[in-house]
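Examining the three-dimensional arrangement
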Amino acid sequence: MDVIAYGGDYNPEQWPGQVWPEAVRLMRAAGVNLVTVGVFAWAQLEPAEGVYDFGWLDRIIELLHDGGIRVDLATPTAAPPPWFLHRHAEAHAVTRDGVRLGGGARQSFCPSAPAYATASARIADAIGQRYGAHPAVALWHVNNEYGNGVDVCYCDTCAAAFRSWLELRYGDLATLNGAWGTAFWSQRYGDWAEITPPRAAPTFINPSQQLDYARFANDAHLANFRRERDILRRWAPSIPITTNFMLANCKSIDCWRWAAEVDVVSNNHYLQAERPDNQIELAMCADLTRSLAGGAPWLLMEHSTSAVNWQPRNIAKRPGELARNSAAHLARGADALMFFQWRASRFGAEKFHSAMLPQGGTDTRVWREVTELGAVLAGLDDLVGSRVHADIGVVWDWEAWWAVELDAHPSTDLRYRDRVEAYYERLWRAHHTVDFVHPEGDLARYRLVVVPSLYLTTAAAAKNLTGFVVGGGTLVVSYFSGIVDANDSVHPGPYPGALRDVLGLRIEEFLPLRAGQSVGVDGGWRADVWTEELHLTGAEAIWRYQDGPAAGHPAVTRNRHGAGTAWYVSTRLDPAGLDAVLARAGVDAGLDAPSSLDGQAAGDGRLPDGIELVRRVGARGSFAIVINHADQPATVPLCGTELLTGARCEQTLTVPAGAVRIV
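A brief report on the enclosed structure follows. The structure presented is a predicted model; accordingly, all values stated were derived computationally and were not measured.

**Structural notes on the sheet that holds strand β22 (residues 572-573)**
- Strand order in this open sheet of three strands is β16-β17-β22, and the pairing throughout is antiparallel. Two strands bound the open sheet, and with one partner strand each, they are β16 (518-521) and β22.
- With four bridges connecting them, β16 and strand β17 (residues 525-528) associate as antiparallel partners. Across the sheet, Val521 pairs through a bridge with Trp525, a residue of β17.

In structure tokens:
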């Protein structure tokens, strides 16, 4: 599509056929040009095993096509129909504690079940054959939110599949025993049949086994995606294929690996409504999605017009918030803004979830905001295909996330997203735009790379990060990084193992803090959760601990290594302390404070607090998307044409409170 895609999930099977033409008419009135159809329609499409009913889907696709609305056609395999689990009792998922899960929900199946593989392939083949040549179909949408339901299954079928997976990975038991360190606690395996999933046990389970099971579970889901993708590709090789990630909520899917398997990256994002700074978490997930796409445009497959139904307290969005959320995704590279869902359901688990067309119909604020947004997007075709530029890379690794949150670690307060979000927030508030990068990925285009948490650091990752510094880059590393290898075995020698040389220090001992305890750090900063006894082997101490178990020892260090610089932060600094570290590292990296994007800035060119400003650049121009999250107007140093009002700004642009502007 050469326009900004706009629409949402459409579930016509929930409504009588006589209202379908009216739905299409209202979609056109709202500016909708793409809808997702069929996501949870398996029982309607295949009411009995091998018996199909496509008549209703034929009709709705024709109605949409006649109305000029393209279709993102889904395979319905995230929700097998009741006949499936009734006929295939072995396909029920089982929890770690051995509880057999029932039906009546979505994602209620074992991802390793042969019966599921057969049934899902059969329905995908039938859909591909019937609609692969239909001109309305713009995109294939496989399954829905892999891992957001049954992320890991522990049944006997999975146990057998796990053993096969291990044989392919290790080749022989001697190699597996060495990788898993099975000399510990009498765990040596003499037969593949002795290996089970890491089910509930009396005490800690081998962490290497747990880590491999997380990899296996990810691969089981990926195999299901590939099977359906390849079937659809045979029927329609020119139609792109995606599946919608759930980056904010789904820890179990390694999306770096999955991103290479889709034709276009798409994500679902739902605001964490009770967080006062939820616009920052939204921006982080949007930047991560763009990064998975390699900087290419991506699709926001779902977000909400207002409240959802599944958070503890489902807070409604306030006036203008729908537009601000949408603009933030657009600013950070999305070429599609889609919602769940088109029309609010009258029954089922999601009947209190907001929609483009609310229960109250067209005489509602949400409907008016939906149609206003549609009208705005219709005038922004020049943004399609443009890209976002970032000077800073932030390392994100799903395997490091899995590993750092395993049990039997020095502190239960070691949480992966805690550190990533802490560093991201400070960069966001300083008006920096960042990319996320894999620790073994290309870092050459960045001047500053931040490593918030990398407990699991492979030899390749350590070499990559060290090479970045040697080549002149500036690196900032947070605590408990560089500790173990890909098998969760401690790197030889003193901590921080794989990163010891580039950081120019060694750690004598981890000194985690008690709950609620904090310590002072030079510069007036406070820190909590974690401290370390550091000894310098080339680095210089920038700030030291003033009290606590590490009193007098370095807290923050800086090491010249090759042509670059590596910083180390050995504690959980307060926001002001993180700001100070990142500002000084930014100076080392030669980064200027973000200001005007197009020069000719008024005054000192600094951006006001509460302003989110991101630049997209493409063949048809340079666009600054400006969002004012504050409660008062803000003046931004920009010059150009403001597309929403048509106004020309020569030096500054005033953005009303809560408003969006595009220059």
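After that view of the structure, there is still more to cover.
**Comments concerning the pairing of strand β4 (residues 137-141)**
- The element β4 is extensively covered by neighbouring structure, given that five of its five residues are classed as buried.
- Two strands pair when backbone bridges link them, and strand β3 (residues 70-74) and β4 are joined in this way by four bridges, in the parallel orientation. Opposite Ala74, over in β4, you have His141 as the bridge partner.
- Sheet topology places β4 next to strand β5 (residues 241-242); two bridges connect them, and they run parallel.

**A short note on unusual backbone geometry**
- Look at the link from Phe340 to Gln341: it is a cis peptide, with omega at -5 degrees.
- Along the chain, the position of Gln341 falls in the loop between β9 (334-339) and α12 (365-377).
- Here the residue pair Tyr495 and Pro496 is connected by a cis peptide bond, since its omega of 0 degrees sits within 30 degrees of zero.
- Assignment of secondary structure puts Pro496 in the loop between β14 (474-478) and α16 (500-503).
- Despite not being glycine, Asn143 has its phi angle at roughly 55 degrees, a positive value.
- Within the fold, Asn143 resides in the loop between β4 and α6 (156-170).
- Of note in the backbone geometry, Glu145 takes a positive phi value of approximately 50 degrees without being a glycine.
- Summarising the element assignment, Glu145 is placed in the loop between β4 and α6.
- Note on Glu145: relative accessible area 3%, which makes it buried.

**Quick look at the packing of helix α11 (residues 321-331) against α12**
- Between α11 and α12, the least distance of the axes is 10 Å, while the angle of their chain directions is 30 degrees. By the angle between their directions, the pair α11 and α12 is classed as roughly parallel. Every pair of crossing elements has a handedness; the one defined by α11 and α12 is right-handed. Contacts between α11 and α12 involve Leu322, Ser326 and Leu330 from the first element and Glu369, Val370, Leu373 and Leu377 from the second.
- Residue composition of the contact of α11 with α12, by class: five nonpolar, one polar and one charged.

**Some points on the nonpolar core**
- Ranked by size, the top nonpolar core spans 198 residues in total, and within it Tyr10, Leu57, Leu64, Trp342, Trp396 and Trp398 carry the most contacts.
- Ranked by residues supplied to this core, first place goes to helix α10 (residues 278-292) with eight residues.

**Things to note about the packing of aromatic side chains**
- Applying the stated rule across the entire model yields 36 aromatic pairs.
- Within the aromatic cluster, the residues linked to one another by ring pairs are Tyr154, Phe162, Trp165, Trp180, Tyr189, Tyr213 and Phe216.
- The ring of Trp15 has Arg343 lying over it, and the distance from NZ or CZ to the ring centre is 3.9 Å.

**A look at the sheet that holds strand β13 (residues 448-451)**
- In spatial order, the strands read β12-β11-β13-β14-β21-β20-β19; together these seven strands make up an open sheet with mixed pairing. Every interior strand has two partners, whereas the edge strands, β12 (434-437) and β19 (540-544), have only one. The average undirected angle you get between the axes of adjacent strands in this sheet is 20 degrees.
- In this structure, β14 lies alongside strand β21 (residues 564-569), joined through five bridges in parallel fashion. Directly across from Leu475, in β21, lies its bridge partner Ala566.
- Sheet strands touched by helix α14 (residues 416-429): β11 (392-395), β12, β13, β14 and β21. Its angle to β12, the strand with the most contacts, is close to 155 degrees.

How each quantity is defined
- Residues numbered from 1 in each chain as written.
- Predicted model: local features only at pLDDT ≥ 70, side-chain atom pairs only at ≥ 80, totals over all residues.
- Heavy atoms only, no water.
- Pairing = 2+ DSSP bridges.
- Helix = DSSP H or I, 4+ residues; strand = E, 2+ residues; numbered from the N terminus.
- Buried < 20%, exposed > 50% of the residue type's maximum accessible area, 1.4 Å probe, protein only.
- Axes fitted to C-alpha atoms, helices over the stretch in contact; angles between N-to-C directions.
- Parallel < 35°, antiparallel > 145°, perpendicular 65-115°, else oblique.
- Left-handed = near helix turned anticlockwise from the far one by under 90°.
- Contact = heavy atoms within 4.5 Å.
- Nonpolar A, V, L, I, M, F, W, Y, C, P; charged D, E, K, R; others polar.
- Core = buried A, V, L, I, M, F, W, Y, C linked by side-chain atoms within 4.5 Å.
- Phe/Tyr/Trp six-rings, centres within 6.5 Å; stacked < 30°, edge-to-face > 60°.
- Lys NZ or Arg CZ within 6 Å of the ring centre and 35° of its normal.

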